[in-house]
Amino acid sequence: MKFLVKTIIIAAIAYFASQSFPWYSVVIAAFLGSLLIRTSGLVSFVSGFLAIGLLWFTLAWLIDFESGSLLTKKVAAIFQLSAPLLLVLVTGLVGGIAGGFGALTGTTLRQIFEQKRRSGGYYK
Amino acid sequence: MKLFKFLLSLALTAALVFVLETKFGSVPPLGKFLNPVGGFWQNAEKTENQFIDIGIGAGVNEQVQILFDENLIPHIYANNDYDLYFAQGYVMAQFRLWQMEFQTRAAAGRLSEIIGPDAIEFDRLQRRKGMGFAAENSLREGENDGQFTSIMQAYSDGANHYINSLDYANLPIEYKLLGYEPEEWSPYKSALFLKYMADMLSASETDLENTNFVELFGKERYDFLFPEVFDSPDPIIPSSTVYDFEPIEVKEPLVKGFPWSNTDEIYEKPDPLNGSNNWAVSGSKTRSGNPILAGDPHLGLNLPSIWYSLHLNAPGVNVMGAGLPGAPGVIIGFNDNIAWSVTNAQRDAVDWYKIQFRDESRQEYFFNNTWLKTQMRIEEVKVLGGETYVDTVIYTHHGPVVYDHSFNQKEQLTGFAMRWIAHQGSKEVIAFHQLNRAKNYTEYTEALKNYGSPAQNFVFASNQGDIALWVQGKFPIKWEGQGKFLMDGTQLDHDWQGFIPMEQNAHVLNPERGFVSSANQHPHDTTYPYWSFDSNFEAWRNRRINSRLTEMNNISVSEIMALQNDNFNLKASETLPLLIEMTDGMQLNLEQSDVLDLAKNWDYFNDIESKGASVWEIWWDKIRKMANEKFRDSAKPLKTVGERRFQELIAEYPEDEIFDLPETSQKETATEIVQQALLSAIDSLQNWSAANDGKEYAWANFKNTTVQHLLPPLTPFTVSGVQVGGNRSIINATGPRHGASWRMVVELGSKPTAFGVYPGGQSGNPGSKFYDNMIEIWAKGEYLSLKALPIAEMQQENILFTQIIDPRNE
């Protein structure tokens with residue numbers, strides 16, 4: 001459940017942030033999402049990956065669909081991909097990896113503070 | 001440990017972002033590029049009309065309305081000329097910005113900045129030819145002319161208004177792929193663009209190749225193979241024309257000695273196929289009684305197209321036709337009263353002078369018995385991913401020294417300076433500004449007075465019933481033979497002595513034959529009082545046009561359209577019967593004689609489905625190639641024998657040594673060459689079929705007309721296999737990579753009826769359906785209707801969207 005909420009929150013922040021900020025705002029969105037919601041490192045990565053990956057995949061796929069692949073098939077060919085859908089997949093993959101690392105970084109930062117807080121309480 | 005994990009993860013993330021934000025070789029920054037919100041995806045246009053009526057900010061004096069019709073042709077309505085050209089600059093940048101910038105970068109020799117070290121030699125050449133020098137001179141020529149500066153500034157302001165509104169998401173895709181950003185536009189860039197056109201059209205001379213030829217084979221042989229005038233030249237200005245003016249006298253040098261020394265390397269010249277057709281028929285020959293004008297400039301076929309169609313309306317002007325992205329005004333078009341079109345006027349506009357430097361400092365050169373100072377221009381070629389290349393170009397009073405010790409010239413104290421008419425400033429922009437507004441023949445000739453280079457044959461027709469044609473440009477007065485070969489740069493009398501006054505340029509008004517025409521052939525017959533020369537004259541399109549127009553009467557617009565798309569191959573009809581005769585006695589197998597039969601039964605039309613046309617074209621190419629091989633293989637670059645002369649040689653001099661193959665011991669004649677070439681041609685045709693899944697070599701498939709993106713490696717942006725007939729020397733001059741880049745037909749009634757089309761589309765964006773939508777229409781020989789209507793008469797249902805520019809003070 002937490003995983004799902006986190007993924008949705010990251011995707012939402014990323015979507016709105018990238019309307020006015022550069023593409024790497026999606027990495028920061030994933031980072032912020034991880035600061036907000038606690039999960040393990042692995043879950044965090046997967047959550048960031050899916051959030052940004054699916055976001056980019058969906059947006060790209062919509063554009064591909066609405067434009068009848070007119071440009072996508074040409075750009076796919078420039079990158080020696082045999083079908084427009086592969087370019088949509090690559091887009092999702094690149095976004096996903098960037099999002100995954102952003103989220104992981106957020107979680108590892110959060111873990112530093114969590115440990116301190118917890119350890120402080122333990123020895124009191 | 002936790003801290004380490006965080007730092008590691010942070011470092012990995014930062015590295016990843018960095019990698020995705022960086023361009024590697026030809027791979028664009030992937031994060032930036034693939035981002036669906038801002039990357040290349042934003043260049044994909046929806047198939048459903050996505051345009052909305054929008055305001056585009058302020059910047060003009062009074063409100064401007066731009067209505068885009070169903071072909072995305074803008075109809076610009078302004079209240080004054082500044083606003084009109086502002087809007088034109090805005091609109092052209094909006095749809096063609098990348099091309100505008102790329103072409104001016106190419107002109108200026110600045111491609112290395114975006115492409116890298118591969119372009120250094122190209123950039124050096126552009127600078128050595130003095131492209132920037134020429135553009136500066138044009139601006140200087142116009143700097144005291146308020147109208148000139150205002151037009152150039154308005155266009156530039158408009159283009160910049162668009163450029164400044166851009167962010168990464170709406171940059172043209174080529175910027176995203178190559179990873180660079182547009183610069184500001186400027187009047188200098190428009191001037192550069194016009195020099196880019198001048199280079200394309202007036203610089204394909206062969207003076208140095210001619211010199212090499214004479215050096216290797218002698219003057220007599222040169223004169224035999226390269227006659228100045230063809231038999232039956234059928235010149236542009238009809239032979240009946242009387243030249244009753246007093247020509248300016250030209251002083252012949254005492255000694256016409258040319259320096260027969262040369263360079264081993266000559267840079268590649270613009271495509272000599274750059275040519276065109278145009279004609280105008282008087283009302284006495286048309287069905288409606290109105291004059292009809294037709295024009296189709298032939299250029300390299302590229303995407304985005306060189307042309308952009310537009311309609312400009314303001315008080316005093318209502319003009320429509322084809323413009324050139326980068327330049328203000330309509331270049332070929334019509335208004336309410338007149339229509340005009342251009343073909344290239346073949347005239348040697350570049351001459352070469354051998355320079356003798358005093359010493360290795362090259363600060364002085366010898367001229368007219370004295371030492372003159374040179375000027376040095378330091379050219380810094382900035383290189384993507386490399387060190388700046390610094391080149392010093394030496395200038396003499398002739399012009400820039402293109403070839404010297406650092407560029408294709410081995411002798412330390414020798415250089416070859418280039419004298420090019422386009423180095424001089426002239427105000428073509430004013431010529432087009434006035435032509436756009438001209439109401440009659442007198443105003444047309446007034447407008448042409450401002451036109452210097454590249455020289456063009458301006459065909460004209462008006463609704464007052466006049467038809468005319470001026471061979472217009474700034475032409476140096478030359479003594480016979482001047483500038484045909486490398487000249488002696490130390491002699492005063494080898495310099496250009498002056499220019500032909502415009503009123504003495506060859507022209508014709510309302511000739512008795514009822515039509516005027518031009519197709520890059522000889523401008524005039526030998527009764528014209530000045531000597532003129534070019535290395536390349538057309539010999540077939542002109543004769544076909546003139547013979548058709550002579551026999552046609554009661555002509556309709558659709559018959560003129562059909563003539564523009566005429567595929568009759570006059571050259572083949574004159575030559576093929578002879579070639580076939582020469583195959584008598586050949587031992588051919590069944591398959592081979594089937595191929596020969598295709599040629600025998602051919603009707604001489606290079607139509608889409610014709611196989612006979614394929615046989616003829618490849619056969620003829622092979623014959624010429626075999627005979628010219630020895631010139632092509634020469635250590636010094638030479639010119640090959642032109643097709644017209646070659647045709648004559650086969651018919652009249654079949655035993656000439658040009659047909660002798662140097663690699664064999666016996667002496668070949670034309671017959672052996674023709675026979676060998678046939679076998680080789682048949683092989684090529686069969687190989688082509690084998691390589692194309694056994695497809696038959698129908699002419700359009702075999703020719704494979706390709707409209708290529710300006711960056712050839714981006715092949716998916718190129719359209720190939722266009723189903724279209726024609727070839728060079730045919731009125732429909734569409735070859736594999738070259739052809740009618742714009743076709744226009746206008747009937748001059750009380751209101752003009754006009755049609756136009758070009759092989760491309762109004763949008764430069766490969767992600768738009770308007771990128772290449774006209775190619776098919778063009779290939780079929782069909783046209784769009786061009787309507788220059790007042791804004792009140794524009795039909796709403798034909799308007800895709802409207803843009804409004806508001807005054808700057810609101």
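Please read these numbers as outputs of a predicted model, since none were measured by experiment.

1. Topic: the overall build of chain B
Right, so step 1: Looking only at helices and strands, one finds 22 helices and 29 strands in chain B.
Right, so step 2: The C-alpha radius of gyration of chain B comes to 28 Å, within 12% of the 28 Å expected for a compact globule of 810 residues.
Right, so step 3: Its C-alpha atoms put chain B at 85 × 70 × 65 Å along the principal axes.
Right, so step 4: Sequence-distant contacts in chain B: of pairs separated by 6 or more residues, those separated by 24 or more amount to 72%.

2. Some details on the sheet that holds strand β23 (residues 705-709) of chain B
Residues and elements named next belong to chain B.
Right, so step 1: One open sheet holds the three strands; their spatial order is β6-β23-β24, and the pairing between them is mixed. Of all strands in the sheet, those bounded by a partner on one side alone are β6 (302-303) and β24 (719-722).
Right, so step 2: As judged from the two bridges shared by β23 and β24, these two strands associate in the antiparallel manner. Each residue of the ladder has a partner; that of Thr705, found in β24, is Val722.

3. Describing the nonpolar core
Right, so step 1: In terms of nonpolar packing, the biggest core is built from 208 residues, with Ile76(B), Ala87(B), Ala280(B), Phe460(B) and Trp619(B) touching the most fellow members.
Right, so step 2: With 17 residues, helix α3 (residues 81-108) of chain B is the largest single contributor of residues to this core.
Right, so step 3: Core analysis: the next-biggest nonpolar cluster, separate from the first, contains 45 residues, Leu104(A), Phe40(B), Trp41(B) and Ile173(B) among them.

4. Notes on the interface of chain A and chain B
Right, so step 1: Each partner contributes residues to the interface: chain A has 33 residues there, and chain B has 34 residues.
Right, so step 2: Listed by contribution, the elements that provide at least two residues to the side of chain A that touches chain B are α1 (2-20), α3 (41-66), α4 (70-78) and α5 (84-123) of chain A.
Right, so step 3: Examining the composition of the side of chain A that touches chain B, we find that 14 residues originate from one element, α5(A), more than from any other.
Right, so step 4: In terms of residue class, the side of chain A that touches chain B is made up of 20 nonpolar, eleven polar and two charged.

5. Topic: the pairing of strand β3 (residues 74-77) of chain B
Residues and elements named next belong to chain B.
Right, so step 1: Of the two faces of β3, the one holding Pro74 and Ile76 and the one holding His75 and Tyr77 are both buried throughout.
Right, so step 2: Where strand β2 (residues 64-69) meets β3, four bridges bridge the pair, whose relative direction is antiparallel. For Ile66, the partnering residue across the bridge sits in β3 and is Ile76.
Right, so step 3: Here β2 hands over to β3 after four residues, with Leu72 in that stretch at a positive phi of 65°.
Right, so step 4: The sheet contact formed by β3 and strand β7 (residues 308-314) spans three bridges and is parallel. Along β7, the bridge assignment pairs Tyr77 with Asn313.

6. Focus: unusual backbone geometry
All names here are of chain B.
Right, so step 1: A cis geometry characterises the amide bond from Leu303 onward to Pro304, with omega recorded as -10°.
Right, so step 2: With respect to the helices and strands, the residue Pro304 is situated in the loop between β6 and β7.
Right, so step 3: With an omega of -5°, the peptide bond running from Ser453 to Pro454 counts as cis.
Right, so step 4: For Pro454, the location among the structural elements is in the loop between α13 (441-448) and β18 (456-462).
Right, so step 5: The phi dihedral of Asn369 falls on the positive side, at around 65°, and the residue is not glycine.
Right, so step 6: Secondary-structure assignment places Asn369 in the loop between β12 (364-367) and β13 (370-373).
Right, so step 7: On the basis of neighbour count, Asn369 is assigned to the exposed category, with 8 C-beta atoms found within 10 Å.
Right, so step 8: Look at Asn554: it is not a glycine, yet its phi comes out positive at around 55°.
Right, so step 9: As for its placement among the helices and strands, Asn554 is situated in the loop between α14 (541-551) and α15 (557-564).

7. Quick word on helix α2 (residues 25-36) of chain A
Residue and element names in this part refer to chain A.
Right, so step 1: For α2, spanning twelve residues, the distance from its first C-alpha to its last is 16 Å, which sits close to the expected 16 Å at 1.5 Å a residue.
Right, so step 2: Taking burial as the measure, the twelve residues of α2 include nine buried ones, the bulk of the element.
Right, so step 3: Buried within α2 are the following residues: Ser25, Val26, Val27, Ile28, Ala29, Ala30, Phe31, Gly33 and Ser34.

8. Remarks on the packing of helix α17 (residues 590-600) of chain B against helix α18 (residues 611-632) of chain B
All names here are of chain B.
Right, so step 1: It is at 7 Å that the axes of α17 and α18 come closest, and there the two elements cross at 100°. The angle between α17 and α18 falls in the class roughly perpendicular. Note on element contacts: α18 touches α17 through Lys611, Gly612, Val615 and Trp616, opposite Val595, Leu598 and Ala599.
Right, so step 2: Partitioned by chemical class, the residues of the contact of α17 with α18 number five nonpolar, one polar and one charged.

9. Considerations on the pairing of β2(B)
Residues and elements named next belong to chain B.
Right, so step 1: With respect to burial, β2 is a largely interior element, five of its six residues being buried.
Right, so step 2: Judged from the six bridges that link them, β2 and strand β29 (residues 799-807) form a sheet pairing that is antiparallel. What sits directly across from Gln65, in β29, is Ile804.

10. Thoughts on the environment of Trp620(B)
All names here are of chain B.
Right, so step 1: Within the element layout of this structure, Trp620 appears in helix α18.
Right, so step 2: Overall, Trp620 belongs to the buried group, with 22 C-beta atoms counted inside 10 Å.
Right, so step 3: Here the alpha-carbon distance between Trp620 and Gly642, two residues 22 residues apart in the chain, equals 13 Å.

Cut-off values and rules
- Residues numbered from 1 in each chain as written.
- Chains lettered and ligands numbered in written order.
- Predicted model: local features only at pLDDT ≥ 70, side-chain atom pairs only at ≥ 80, totals over all residues.
- Helix = DSSP H or I, 4+ residues; strand = E, 2+ residues; numbered from the N terminus.
- Rg over C-alpha atoms; globule rule 2.2 N^0.38 Å.
- Contact = placed C-beta atoms within 7 Å.
- Pairing = 2+ DSSP bridges.
- Core = buried A, V, L, I, M, F, W, Y, C linked by C-beta atoms within 7 Å.
- Buried ≥ 20, exposed ≤ 12 C-beta atoms within 10 Å, placed from the backbone.
- Nonpolar A, V, L, I, M, F, W, Y, C, P; charged D, E, K, R; others polar.
- Expected span 1.5 Å × (residues − 1).
- Axes fitted to C-alpha atoms, helices over the stretch in contact; angles between N-to-C directions.
- Parallel < 35°, antiparallel > 145°, perpendicular 65-115°, else oblique.

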